[in-house]
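Coordinates in review
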Amino acid sequence: MSWSTADIPDLTGKLALVTGATSGLGYETALELLRHGADVLVAARNPEKAAQAAETLTQQAGRAPTVLELDLADLASVEKAAGEVIRSYDRLDLLINNAGVMAPPHRETIDGFELQIGTNHLGHFALTGRLMPVLVGGSRVVTVSSFMHKTVRGISEADLRRPAGSYRKWEAYGKSKLANLLFMLELDRRARAAGADLLSVGAHPGYASTHLQAAGPELAGNHRQARLWAAATRLIAQSAAAGAWPSLYAATYPGLRPGSFVGPGFFEYRGTPKVVLPTRTAQDAELARELWDWSVEATGVDPALTVLR
């Protein structure tokens, strides 16, 4: 299959929200959506970085995005941001759950969850749930995972509050990315069961050159390791723009089947996007239902799909 960003259809009149859009994959995703006519909400934790990104996006796309302050590691911030969107707009056509953290030293969110699963999964679970009133009439939710979901065999409720003594940063990252896929597929199942006009799909970037690889060592104060990660990534990874292709394909390709998972075509490492397969664990419907229930209890948000009928 041959695909490029030139194949993205005209998105004039569509509203998109992209989390983590100040740099890397999120920035490139927001840029292409703007270039193809969409109105874009750039959701980010740091207001200064968000303003700088918005200025650069405006220069490159010729159209200005709207900045939305959002800290996925703070459920109160998620509630506030979702409320602002609902008060300002009557529909949200595209929700790109992109933001994430990768392999930091042990940290906790504001609400006491392990940082990676708290940000990468629980924050996006709560955001999606709170935005349900405006995800109407054919809206798409794209949840960004990673091929690192293949490195873990399961997830438990204890992983939501994993203490420092039993914390392994790469295992925790893999579990957070597994959680992304379990959520994406369970959202799809529930949407279809409810007769909701909502398309839930997933994507992963392969190995893309972003700041994400160096962020963990930086948080640990290991600047030498951060520099090594950055150098290695620049050498062997594809660009952030190419890494965003699966997300853009998942967000815009006409006729994409519900529950599809999109990744790079060349051994899921780089290249043109195509539909790929999650692991059997990621497709475990019983585990997905359990994770959904744990997430509802943890966040206090129970996505009401019946409102989308």
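Everything below is about the structure shown above.
Residues numbered from 1 in each chain as written. Predicted model: local features only at pLDDT ≥ 70, side-chain atom pairs only at ≥ 80, totals over all residues. Heavy atoms only, no water.

1. Brief notes about empty space enclosed by the protein
Summed over all chains, the structure comprises 1 cavity of 30 Å³ or more. Its volume calculated, the largest cavity comes out at about 90 Å³. Lining of the largest cavity is provided by Glu114, Ile117, Asp159, Arg162, Ser166, Tyr167, Arg168, Glu171, Ala172 and Lys175. In terms of residue count, helix α5 (residues 169–193) provides more of the lining of the largest cavity than any other element does, 3 residues in total. For the lining of the largest cavity, a count of residues per class yields 3 nonpolar, 1 polar and 6 charged. (1 Å grid on protein atoms, 1.4 Å probe; cavity = no way out; pocket = protein on both sides within 12 Å on 5 of 7 lines; lining within 4 Å. Points joined across faces, edges and corners; volume = space filled by probe spheres on them. Helix = DSSP H or I, 4+ residues; strand = E, 2+ residues; numbered from the N terminus. Nonpolar A, V, L, I, M, F, W, Y, C, P; charged D, E, K, R; others polar.)

2. Points about the packing of aromatic side chains
For the coordinates displayed, the defined rule picks out 6 aromatic pairs. When the ring of Trp3 is compared with that of Tyr249, the centres are 5.6 Å apart and the planes differ by 75°; the resulting orientation is edge-to-face. With Trp3 in the segment before β1 (15–19) and Tyr249 in helix α9 (residues 245–252), this pair connects stretches of sequence that are 246 residues apart. Classification of Trp3 by relative accessible area gives buried; the value is 7%. Tyr249 sits in the buried class, given a relative accessible area of 4%. (Phe/Tyr/Trp six-rings, centres within 6.5 Å; stacked < 30°, edge-to-face > 60°. Buried < 20%, exposed > 50% of the residue type's maximum accessible area, 1.4 Å probe, protein only.)

3. Brief notes about the pattern of salt bridges
Under the definition given, this model contains 10 salt bridges. Between Glu79 and Arg130 there is a salt bridge, with the nearest N and O atoms lying 3.9 Å from each other. Within this pair, whereas Glu79 is found in helix α3 (residues 75–88), its partner Arg130 is found in helix α4 (residues 115–130), the two being separated by 51 residues in sequence. Salt-bridge contacts for Arg192 lead to Asp188; the nearest nitrogen and oxygen are separated by 2.9 Å. Here Arg192 pairs with Asp188, and both are found in helix α5, just 4 residues apart, close to one helical turn. Look at Asp188 and you get buried, because its relative accessible area is 3%. Ionic contacts of the salt-bridge type, sharing partners, join the residues Asp159, Arg162 and Lys175 into one network. (Salt bridge = Lys/Arg side-chain N within 4 Å of Asp/Glu carboxyl O.)

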